[in-house]
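# Architecture and fold: a report
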Amino acid sequence: MGLTRQYLRYGPAALFGLVASARGNAAFVALRGERGRCVAVPACEHVFVWDTRKGEKVLILKGLKQEVSCLCPSPDGLHLAVGYEDGSIRVFSLLSGEANITFNGHKAAVTALQYDHLGGRLVSGSKDTDVIVWDVINESGLYRLRGHKDAVTQVLFLKEKNLLVTSGKDTLVKWWDLDAQHCFKTLVGHRTEVWGMALISEEKRLITGSADSELRVWDISYIQEVKDPDEPGSKKSKGSSPGAEENTEEDETLELDEHPEERLVKCSKVGSIMREGRDRIVTLATDRTGKILACHGTDAVLEVFSVLSEEEVQKKLEKKMKKAKKKAKQNSEEEPEGSVELSLQEEIQRVANVRASSKIKSFDLILSPKGELKIVLLLQNNIIELYNLNLSAQVPQAVRASRITIGGHRSDVRTLAFSSDNIAILSAAAESVKIWNRLTLQCIRTMDCEYALCSLFVPGDRHVIVGTKTGKLQLYDLASGSLMETLNAHDGAVWSIALSPDRRGFVTGGADKCVKFWEFELVKDESSVQKRLSMKHVRILQLDEDVLCVRYSPNQKLLAVSLLDCTVKIFYIDTLKFFLSLYGHKLPVLCMDISYDGTLIATGSADRNVKIWGLDFGDCHRSLFAHDDSVMYLQFVAKSHLFFTAGKDSKIKQWDADKFEHIQTLEGHHQEVWCLALSPNGDYVVSASHDKSLRLWERTREPLVLEEEREMQREAEYEESVAKEEQPVVAGETQGEIGLAGKKTIETIKAAERIMEAIELYREEMAKLMEHKAICKAAGKEVPFPVNPILRAYGNITPSAYVLEVFKKVKSSELEESLLVLPFSYVPDLLRLFNEYIHVGLEVELLCRALLFLLKIHFGQITGNHMLVTVIENLKKTTISRVSEARDVLGFNMAGLQYLKREIEAKDEVTFFADATDRFEEKKRKRKKKEKMVLAVL
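What counts, and at which threshold
- Residues numbered from 1 in each chain as written.
- Predicted model: local features only at pLDDT ≥ 70, side-chain atom pairs only at ≥ 80, totals over all residues.
- Heavy atoms only, no water.
- Helix = DSSP H or I, 4+ residues; strand = E, 2+ residues; numbered from the N terminus.
- Buried < 20%, exposed > 50% of the residue type's maximum accessible area, 1.4 Å probe, protein only.
- Contact = heavy atoms within 4.5 Å.
- Lys, Arg positive; Asp, Glu negative; His and termini not counted.
- Charge placed at Lys NZ, Arg CZ, Asp CG, Glu CD.
- Pairing = 2+ DSSP bridges.
- Axes fitted to C-alpha atoms, helices over the stretch in contact; angles between N-to-C directions.
- Parallel < 35°, antiparallel > 145°, perpendicular 65-115°, else oblique.
- Left-handed = near helix turned anticlockwise from the far one by under 90°.
- Nonpolar A, V, L, I, M, F, W, Y, C, P; charged D, E, K, R; others polar.
- Phe/Tyr/Trp six-rings, centres within 6.5 Å; stacked < 30°, edge-to-face > 60°.
- Expected span 1.5 Å × (residues − 1).
- Patch = residues over 30% accessible without salt bridge, like charges linked within 9 Å, V, L, I, M, F, W, Y side chains within 5 Å.
- Areas by Shrake-Rupley, 256 points an atom, 1.4 Å probe, with all protein chains shown as cover.
- Salt bridge = Lys/Arg side-chain N within 4 Å of Asp/Glu carboxyl O.

### Topic: the overall build of the protein chain
Looking only at helices and strands, one finds 14 helices and 57 strands in the protein chain. Based on the C-alpha atoms only, the size of the protein chain along its principal axes is roughly 115 × 105 × 55 Å. Counting every position in the protein chain, which comprises 938 residues, the buried fraction comes to 50%. Contacts in the protein chain between residues far apart in sequence, at least 24 positions, make up 50% of those at least 6 positions apart. Distance from the positive charge centre (127 side chains) to the negative charge centre (136 side chains) of the protein chain: 3 Å.

### Describing the pairing of strand 24 (residues 301-307)
Note on strand geometry: in a regular strand, side chains alternate between the two faces of the sheet. Counting buried positions over the seven residues of strand 24 gives seven, a clear majority of the element. Across the two faces of strand 24 the burial is the same, with Val301, Glu303, Phe305 and Val307 and Leu302, Val304 and Ser306 all buried. As paired strands, strand 23 (residues 292-296) and strand 24 are joined by five bridges and run antiparallel to one another. The partner of Ala294 across the bridge, within strand 24, is Val304. Remark: four residues form the turn of the hairpin made by strand 23 and strand 24, two consecutive strands paired antiparallel.

### Looking at the packing of helix 10 (residues 827-839) against helix 13 (residues 869-908)
If you want to describe how two helices pack, look at the angle between their axes and the distance between the axes. Following both chains from N to C, one finds helix 10 and helix 13 inclined at 30°, their axes separated by 9 Å at the closest point. One element, helix 10, and the other, helix 13, form an angle in the roughly parallel class. Of the two possible hands of crossing, helix 10 and helix 13 adopt the one that is left-handed. Seen from helix 10, the contacting residues are Leu831, Arg832, Phe834, Asn835, Ile838 and His839; seen from helix 13, they are Val871, Ile872, Asn874, Leu875, Thr878, Thr879 and Arg882. Looking at side-chain class alone, the contact of helix 10 with helix 13 contains six nonpolar, five polar and two charged residues.

### Considering the packing of aromatic side chains
For the coordinates displayed, the defined rule picks out 11 aromatic pairs. Centre to centre, the rings of Phe103 and Trp134 are 4.6 Å apart; their planes meet at 15°, and the pair counts as stacked. In this pair, Phe103 sits in strand 9 (residues 99-104) while Trp134 sits in strand 12 (residues 131-135), placing the two residues 31 residues apart along the sequence. Look at Phe506 and Trp518: their rings are 6.2 Å apart centre to centre, the planes differ by 10°, and that puts the pair in the stacked class. Of this pair, Phe506 sits in strand 39 (residues 505-510) while Trp518 is found in strand 40 (residues 514-524), placing the two residues 12 residues apart along the sequence. For Trp518, a relative accessible area of 6% gives the class buried.

### Notes on the sheet that holds strand 46 (residues 589-594)
By way of backbone hydrogen bonds, the strands of a sheet pair with one another, either parallel or antiparallel. Ordered in space as 46-47-48-49, the four strands form an open sheet in which the pairing is antiparallel. Two strands in the sheet have a free side with no partner beyond their single neighbour: strand 46 and strand 49 (620-625). Ignoring strand direction, the axes of neighbouring strands in this sheet form an average angle of 15°. The pairing of strand 46 with strand 47 (residues 600-605) spans five bridges and is classified as antiparallel. Across the sheet, residue Val589 finds its bridge partner in strand 47, namely Ser605.

### Quick notes on the sheet that holds strand 23
Reading across the sheet, the four strands line up as 22-23-24-25 and stay open at both edges, with antiparallel pairing between neighbours. The sheet is open, and its two edges are formed by strand 22 (283-286) and strand 25 (348-355), each paired on a single side. The average undirected angle you get between the axes of adjacent strands in this sheet is 20°.

### Some words on the environment of Ile383
Mapped onto the fold, Ile383 is located in the loop between strand 27 (372-379) and strand 28 (384-390). Given the relative accessible area of 1%, Ile383 is considered buried. In this structure, the C-alpha to C-alpha distance between Ile383 and Ser357, residues 26 residues apart in sequence, is 9.1 Å. Not counting the four nearest positions on each side in its chain, Ile383 is found in contact with Ser357, Leu377, Leu378, Arg403, Ile404, Thr405 and Arg410.

### Quick look at the packing of helix 11 (residues 844-857) against helix 13
Running from N to C, helix 11 and helix 13 cross one another at 140°; their axes reach a closest spacing of 11 Å. As summarised for this structure, helix 11 and helix 13 are arranged oblique, according to the angle between their axes. Relative to helix 13, helix 11 is oriented so that their crossing is left-handed. Across the interface between the two elements, Val844, Cys848, Leu851 and Leu855 from helix 11 touch Ile872, Leu875, Thr879, Arg882 and Val883 from helix 13.

### Regarding the environment of Glu276
Within the element layout of this structure, Glu276 appears in the loop between strand 21 (265-274) and strand 22. Excluding residues that lie within four positions of it along the chain, Glu276 makes contacts with Glu303, Arg350 and Asn353.

### Quick look at helix 11
Compared with the 20 Å implied by 1.5 Å per residue over 14 residues, the 20 Å span of helix 11 between its first and last C-alpha is a close match. Considered for burial, the residues of helix 11 that qualify are Val844, Leu847, Cys848, Arg849, Ala850, Leu851, Phe853, Leu854 and Ile857. Each element contacted by the buried residues of helix 11 is listed here: strand 13 (140-145), helix 8 (799-809), helix 9 (815-820), helix 10, helix 12 (859-863) and helix 13.

### Some remarks on a nonpolar patch on the surface
On the surface, Met894, Leu897, Tyr899, Leu900 and Ile904 cluster together into a nonpolar patch covering about 500 Å² of accessible area. Structurally, the position occupied by Leu897 is in helix 13. A relative accessible area of 55% means that Leu897 is categorised as exposed.

### Quick look at the pattern of salt bridges
Here the structure, examined in full by the defined rule, presents 33 salt bridges. Residue Glu385 pairs with Arg400 through a salt bridge whose shortest N-O separation is 3.4 Å. Of the two residues, Glu385 is situated in strand 28 and Arg400 in strand 29 (residues 398-404); the sequence distance between them amounts to 15 residues. Classification of Arg400 by relative accessible area gives partly exposed; the value is 42%. Note that Arg403 is salt-bridged to Glu385, the shortest N-O span being 3.2 Å. Here Glu385 lies in strand 28 and Arg403 lies in strand 29, a separation of 18 residues in the sequence.

### Side note on helix 8
Those residues of helix 8 that sit buried are Pro799, Ser800, Tyr802, Val803, Leu804, Val806 and Phe807. Against helix 6 (746-779), helix 7 (789-793), helix 9, helix 10 and helix 11 lie the buried residues of helix 8.

### A word on a negative patch on the surface
Together, Glu311, Glu312, Asp918 and Glu921 make up a negatively charged patch on the protein surface. Those elements that place two or more of their residues in the negative patch are helix 3 (310-330) and helix 14 (915-937). Along the chain, Glu312 falls in helix 3.

### Regarding the pairing of strand 5 (residues 56-61)
As paired elements, strand 4 (residues 46-51) and strand 5 share five bridges and run antiparallel to each other. Residue pairing in the sheet places Trp50 in a bridge with Lys57 of strand 5. Taken together, strand 4 and the strand that follows it, strand 5, pair antiparallel across an intervening segment of four residues, in which Gly55 is found at a positive phi of about 70°.

Below, the structure written as structure tokens:
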């Protein structure tokens with residue numbers, strides 16, 4: 001048992017110090033029915049939902065491993081779709097916080113997500129250039145649309161027609177007809193990448209933003225609408241005569257024959273609005289009503305525009321007309337009827353600019369019924385800001401309502417330290433030092449500092465010392481949270497600080513080629529009677545190169561100093577005489593540590609290697625290739641020869657310095673890990689990364705066996721390689737602009753294997769049953785039949801019922817891909833079973849979907865097999881009758897629901913559903929528009 005007890009596994013305990021990641025987008029979500037209060041933001045692999053009023057985290061939607069890249073709340077406000085870096089999409093319930101649905105289809109990060117107005121379909125765009133439409137209700141993929149040549153940046157559904165608009169970094173805006181599933185129009189009016197896109201004016205206009213300061217505006221007109229006799233004429237024929245109108249219709253039909261792609265939609269550029277920002281658009285979006293448009297570039301300014309509604313446009317036109325008539329009368333000219341038009345700048349008016357405290361990464365808008373606009377901004381420096389903008393004011397000014405900052409640093413944490421009681425954690429960055437409680441993960445002190453590079457807790461845990469980039473040592477008192485003293489210690493950056501084993505002083509190493517020794521002392525404070533802690537400089541060691549790292553040996557006899565010339569020099573502390581030089585790294589040693597017994601020193605370098613040396617003679621025991629990038633930090637676990645390393649490859653690894661074994665890898669960070677700290681008892685590791693997060697890892701009681709760890713690693717590598725393999729193809733199909741929505745994953749392979757095992761069990765059991773019948777016949781009496789243990793576990797079900805159970809357990813989103821990798825030898829049995837199931841009316845919808853897919857992919861082999869002709873004939877009869885039955889049931893239920901709706905409405909004398917008022921408003925608006933058009937014509 002010695003082997004199994006040798007190592008204990010470290011596991012992730014918590015993620016803290018992060019308000020929001022800048023990789024994804026922020027979105028308002030409705031929790032408990034209240035809109036505009038809670039905001040969902042990406043936080044590495046999780047999604048945090050913050051209450052902006054209280055500044056508290058109210059919900060965490062837990063992810064797996066991959067970083068969140070995109071968020072989209074559903075129209076009903078009950079779900080949140082989350083896209084990840086690996087191309088997967090998960091749909092979370094905001095009521096329970098659970099992920100109900102997972103979609104796997106993209107090969108690269110999801111860059112855009114959008115629900116349709118009913119929330120039944122979800123469309124996703126990705127860096128792999130594909131656009132996939134998903135059925136949220138059936139939890140399956142509908143189809144994949146190929147056509148973009150670079151990453152997709154935005155996807156939008158059109159309510160009016162079953163159309164989709166997508167934009168990409170390939171400078172194209174594509175229009176897709178989702179009924180025919182093809183691209184029928186491509187806008188090519190952009191010279192650079194199209195970074196953002198929004199629909200305004202009830203989907204009559206499209207606005208696109210690219211790499212310049214111009215927002216291009218496109219008019220959308222639906223061709224069918226022009227031909228509808230009940231509709232008023234199009235906008236362009238406002239001042240024209242009825243005869244002219246007929247001519248334009250004739251011209252349009254001629255144009256349509258010339259441009260067949262314009263049979264559905266006509267899209268023409270009408271002008272552009274200039275932004276104040278000179279750089280590229282980062283986000284361009286409207287609020288849910290489409291009345292407010294906002295955009296921002298790579299700077300800290302959000303530009304807000306107001307879009308006039310049709311009624312407001314008509315009012316403005318009338319005013320302009322009156323003015324023009326007055327002017328014409330004064331000048332005694334003819335009345336200028338046709339010449340009055342509103343400019344684009346008058347229809348889309350600039351409201352205000354919102355200046356944030358740092359660069360904006362994304363935003364979301366919500367317009368309250370009172371006319372107040374709420375804006376949430378996700379900033380680059382780990383802050384969420386909420387602004388209110390009163391649109392009814394004469395000069396609207398954005399007022400900052402709240403900001404969430406306390407939960408993290410503004411910049412990357414460069415140094416970490418644990419207190420001697422294992423409870424307090426110090427983290428320091430370019431602007432502040434924070435003290436955290438390890439148990440509650442709450443920030444208990446925040447103190448302003450200069451750019452921190454190294455730190456330590458003073459013995460007693462009441463003070464901390466921070467070494468800065470400018471060469472200063474800053475001493476803080478934790479009780480008051482105040483800076484007690486600042487010393488100019490070095491002429492360059494203080495790269496390293498180490499506490500002496502006797503706890504009476506410490507040593508610092510800096511970029512000025514000096515190692516300085518300091519002692520703690522109590523000095524009289526002028527302001528009070530009590531003495532206060534101070535630091536006294538006692539000795540100096542001058543060297544030839546910049547000092548990168550310093551460490552004491554536990555017996556306080558030796559001092560190890562890492563230099564910029566790639567060597568580590570070891571000196572006697574008492575005389576400061578040179579003892580050893582550890583030479584072998586190709587690049588400078590950035591970190592090192594000496595084991596508790598003083599026998600080993602481990603050094604980590606920018607050359608990605610870790611070397612383990614004996615401290616007696618300076619011999620190199622072993623060189624280990626540790627990380628795929630620079631080794632940034634190294635520390636031994638207390639009272640052992642195990643040590644941890646942190647690398648720029650975003651990994652933390654544990655090693656055994658005696659056996660030179662890699663024990664385990666702690667994966668979690670998504671970007672470079674700058675530093676880590678081990679608690680004095682070795683139970684906890686805390687690490688800080690460029691992704692702005694701090695992570696706490698805990699030593700569990702679970703033993704770690706190296707062979708098992710290697711096996712798990714190999715399995716993970718295999719699963720990863722499966723997704724990267726070539727996708728299976730359907731025989732006879734060519735690669736077009738439409739494809740299957742799913743992709744081959746380890747889950748789809750496992751599902752196919754389960755179906756194969758179930759069919760094999762069915763075959764065996766049927767053969768046994770035949771044998772059993774023959775035996776019974778020969779014996780002339782009933783012989784007991786041995787039941788398969790698997791079938792007994794399922795409650796003594798029949799083999800065919802077991803196959804159906806397995807089939808039902810295949811995830812809806814993985815069904816097609818699982819059937820695609822299923823060998824044809826299993827298909828005949830499946831078809832016979834399907835016939836049996838459908839005949840008795842079991843799972844008709846699911847089985848029809850699987851049946852049609854199998855017929856599509858194995859058409860040639862099925863039709864060429866004489867044995868299956870009768871099966872297919874029977875299937876045809878049973879399927880048609882059962883599907884029509886299911887359709888009748890649905891129709892009956894729909895009619896029943898409609899009847900109940902009418903009954904409730906009649907009983908309450910109130911319209912139960914809002915669509916009646918909407919219809920009334922629509923009719924009224926059309927009538928007004930008709931009247932105005934008639935007036936304009938007259």
